Every structure is written in structure tokens, then in C-alpha cells.
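The chain contents come next:
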Amino acid sequence: MKPLSGIETAIVRGVTTLAAPGGARGRLLVLIYHRVLAQPDGLLSGEPDAALFKAQMELLARCFHVLPLSEAAERLGAGSLPPRAACITFDDGYANNLTVAVPILAALGLPATVFVATGFIGADPMWNDVVIESVRRAGDVLDLSTLGLGVHRFPDLQARRDALDRLLPQLKYRALDERRELALAIAQRAGCEPPRDLMMTEAQLRALAGQPGIEIGAHTVSHPILRELEPHAAQHEIAASKERLEAITGKRVTSFAYPNGRPLRDYDASHVAMARACGFGAAVSTAWGHADARSDRLQIPRMLPWDRTALRFALRLAGTYRGARAAAA
């Protein structure tokens, strides 16, 4: 990603200031990341590598007012956002948030919030990563017919991508235990062990929490679809993740991210009430759009920043400021 020229930078600032002028009419844009890869990965084309992430962060530092999420949520309610207000967030708790992303953020003086699913701290990776690594390491054929998941042939990298596009949606909305068991069964048939170094350890989490400008947020224990759980189980997932993060870091955890995060599909108003009862001051969804003074601070929308050129990336951010306010649960 090449940097914007001086003229392009001025245009982006002007367009985004018109779309998000600050104050009572201010709008907040929240970016969502998961991993930041040390090197490009053909199976993870939706995840930025360090070079692309650095270029995106440089653009944000030049053109936007990047705030900590906790501050942004307060200023959103108070009608005191600066023009072009934005936040940076990460979901799940990947180790490369600390090892790859944080040095880039620190060099640019940018704050961020990392939402951690506590059940994976120092543990095996999430089910989707087990499936991804299984497809990566499988031979030319991966026979999952006895699992009801078909036979997959891999003449090239694109075939592996296509297999993931088929497999991940088939597992995503299954019960937690079934989803995990199927992912491990896929790994067994691929002849591989789940990687042990994808997620942060407790020591890494403490180091991350000690970085200037970094906030730690809760993301449940086991990353379930909250609407698929009984109310008491959903309440436990939300509250227990907050409690463990506070115990590890020694700091208050004031923000929360709904797993998967689509309003009415993955969570609903009852889970918003649970987050409020737990004392969270801000919570984020994955509904696309911006937040404004009318938005529920416990349902702040976010956007995926996946463009590969600086101008297209900047225009997507501007378009999100100008687009419709995200719907709530």
C-alpha cells in the first residue's frame, strides 16, 4: 500500500470532516481486526500482514483522530467527539496482536482495544483456526465424508481457500461442544495437531495490558453464539470473561465485544442488558456502519478494513462515516 499523496491526504481529510464534523454531530468509526500477520498468508488473505497494517495505521495517524474506545464511547454520549473520530480494535486474543501489531501502533502513538476470549488464553486455538490449519496441512485429499462434511481435493491454493469457504459456515452455528469436536476430528483426518502458539498466554496478556494506549476488553470465555445459549450460560460467559481478565491484568475491564456480533442473529437485547449489568461502559458489534449521538454505547458498530490500496481504504472509511447508522438489537 503506497502512502497517499499530499493532495490525496487533503481530500481525505476534507471529505471525512464533512461526513464526521465532530461535536454534537460527530460520528465514530471503529475498525475491527483479528490477526496481524508477520508475513502474507495465502489462506488468510482477509488478514493484513505487518506491511499492510503499518500502511493503514500510518493513514489513520495522518488523517483521523484515533481515540481509546473507552474515551470515544464517553465523548460519543457527551457530544464531544473530535472530527474524523476513529478507534482500532482486535478480537479474540491472538499472540501477534502483541508481537506484530503493538510495535507498529506504539511507533505511531495509536491506542487500541484488544478483546480477549479468556478460554483460549494459553490454550489450543479457536475452532476456526483448527480447521484452517488442518486444511493448510492436509495432503492432496481431505476425506471428511464420515463427518458429513464431504471430500475435498486440493490441486492448488485456491482449492484450499474454497474448502474453507465451505467448511467454516457449516460449523459456525453448531453447538459449542459439537463445533469443537468436529474441528478436532478434521485435524485428526488431516494428520495434524492444532498449533499451540496462536493465542496469547497469561504472561503475554499482562505484557499487552501494560503497553501505553492499549485497553483490554472482554469477549466471553469460549466465544459462543450468545443467542444459542440459555440465559444463565450467556450471563456466565460475559461476566466470567471480565472477572478473569481483571484478575490477570489487575486493571478494570470496561468494554465488551459480542462474539460474531451480528445484532438479532448472534446476540439480542437480553445480552445487551447483561453487558450493562456487568458494568461495561462500551460494547461493540459487527454491524456495519458508524455510531453517532443516538447510538447505544453498548452496541457500537464496526467495519472490516480490508482494502489493499491507500486511497480505496480511505474512501471506504469516508463512505462508512456517510452511510446509514447501524441497526441495533
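Description of the structure in this document.

## Digging into the overall build of the protein chain
Reasoning step 1: Looking only at helices and strands, one finds eleven helices and nine strands in the protein chain.
Reasoning step 2: In terms of principal-axis extent, the alpha carbons of the protein chain reach across some 60 × 45 × 35 Å.
Reasoning step 3: Across the 329 residues of the protein chain, 54% fall into the buried class.
Reasoning step 4: Sequence-distant contacts in the protein chain: of pairs separated by 6 or more residues, those separated by 24 or more amount to 74%.

## Section: the packing of aromatic side chains
Reasoning step 1: Per the counting criterion, the structure on display carries seven aromatic pairs.
Reasoning step 2: Ring centres of Y33 and F53 lie 5.1 Å apart, and the angle between their planes is 85°; this geometry places the pair in the edge-to-face category. Taken together, the residues span a long stretch of sequence, with Y33 in strand β1 (residues 28-33) and F53 in helix α2 (residues 50-63) at a distance of 20 residues. Comparing Y33 with F53 shows no difference in burial state: the two are buried.
Reasoning step 3: On the numbers, 5.9 Å between centres and 55° between planes, the contact of F53 with F90 is tilted. With F53 in helix α2 and F90 in strand β3 (residues 85-92), the pair connects residues that are 37 residues apart, well separated along the chain.
Reasoning step 4: A relative accessible area of 0% means that F53 is categorised as buried.
Reasoning step 5: The structure contains a cluster of three or more aromatic residues connected by ring pairs, namely F256, Y258, Y267 and F280.
Reasoning step 6: The ring of Y173 carries R265 above its face, with NZ or CZ at 3.7 Å from the centroid.

## Section: unusual backbone geometry
Most peptide bonds take the trans form, and the phi angle of most residues other than glycine is negative.
Reasoning step 1: Phi at R84 takes a positive value of approximately 55°, unusual for a residue other than glycine.
Reasoning step 2: Residue placement: R84 occurs in the loop between α3 (69-78) and β3.
Reasoning step 3: Using a relative accessible area of 14% as the deciding quantity, one classes R84 as buried.

## A closer look at the environment of P111
Reasoning step 1: Mapped onto the fold, P111 is located in the loop between α4 (96-108) and β4 (112-116).
Reasoning step 2: According to the relative accessible area criterion, P111 is buried, its value standing at 10%.
Reasoning step 3: Linking P111 and I238, residues 127 residues apart in sequence, is a C-alpha distance of 24 Å.

## Concerning the pattern of salt bridges
Reasoning step 1: Under the defined criterion, the tally for this structure stands at 18 salt bridges.
Reasoning step 2: Between E228 and R265 there is a salt bridge; the shortest N-O distance is 3.7 Å. Pair noted here: E228 is in the loop between β7 (214-218) and α9 (231-249) and R265 is in the loop between β8 (255-257) and α10 (269-277), with a separation of 37 residues, a long-range link.
Reasoning step 3: When its relative accessible area of 33% is taken as the criterion, R265 is described as partly exposed.
Reasoning step 4: Through salt bridges with shared partners, one network takes in D41, E133, R136 and R137.

## Thoughts on the pairing of β7
The side chains of a regular strand alternate, first on one face of the sheet and then on the other.
Reasoning step 1: Burial analysis of β7 places five of its five residues in the buried class, the great majority of the element.
Reasoning step 2: Burial along β7 is two-sided: I214, I216 and A218 and E215 and G217, pointing in opposite directions, are all buried.

## With respect to the side chain of E133
Reasoning step 1: Counting through the fold element by element, E133 comes out in helix α5 (residues 127-137).
Reasoning step 2: For E133, a relative accessible area of 7% translates into the label buried.
Reasoning step 3: Discounting residues that sit within four places of it in the chain, E133 has contacts with R35, C192 and P195.

## Some words on the pairing of β4
Reasoning step 1: Burial analysis of β4 places five of its five residues in the buried class, which makes it a mostly covered element.
Reasoning step 2: By the alternation rule, side chains of β4 split into A112, V114 and V116 and T113 and F115, which are all buried.
Reasoning step 3: Here four bridges tie β3 to β4, and the two strands are oriented parallel to one another. Bridge pairing links T89 to T113 in β4.
Reasoning step 4: For the crossover that starts at β3, traverses α4 and ends in the parallel β4, the hand is right-handed.
Reasoning step 5: Of the pairings in the sheet, the one linking β4 to β7 comprises five bridges and is parallel in character. Bridge pairing in β7 places V116 opposite A218.

The rules behind each value
- Residues numbered from 1 in each chain as written.
- Predicted model: local features only at pLDDT ≥ 70, side-chain atom pairs only at ≥ 80, totals over all residues.
- Heavy atoms only, no water.
- Helix = DSSP H or I, 4+ residues; strand = E, 2+ residues; numbered from the N terminus.
- Buried < 20%, exposed > 50% of the residue type's maximum accessible area, 1.4 Å probe, protein only.
- Contact = heavy atoms within 4.5 Å.
- Phe/Tyr/Trp six-rings, centres within 6.5 Å; stacked < 30°, edge-to-face > 60°.
- Lys NZ or Arg CZ within 6 Å of the ring centre and 35° of its normal.
- Salt bridge = Lys/Arg side-chain N within 4 Å of Asp/Glu carboxyl O.
- Pairing = 2+ DSSP bridges.
- Right-handed = clockwise from strand over helix to strand, strands pointing away.

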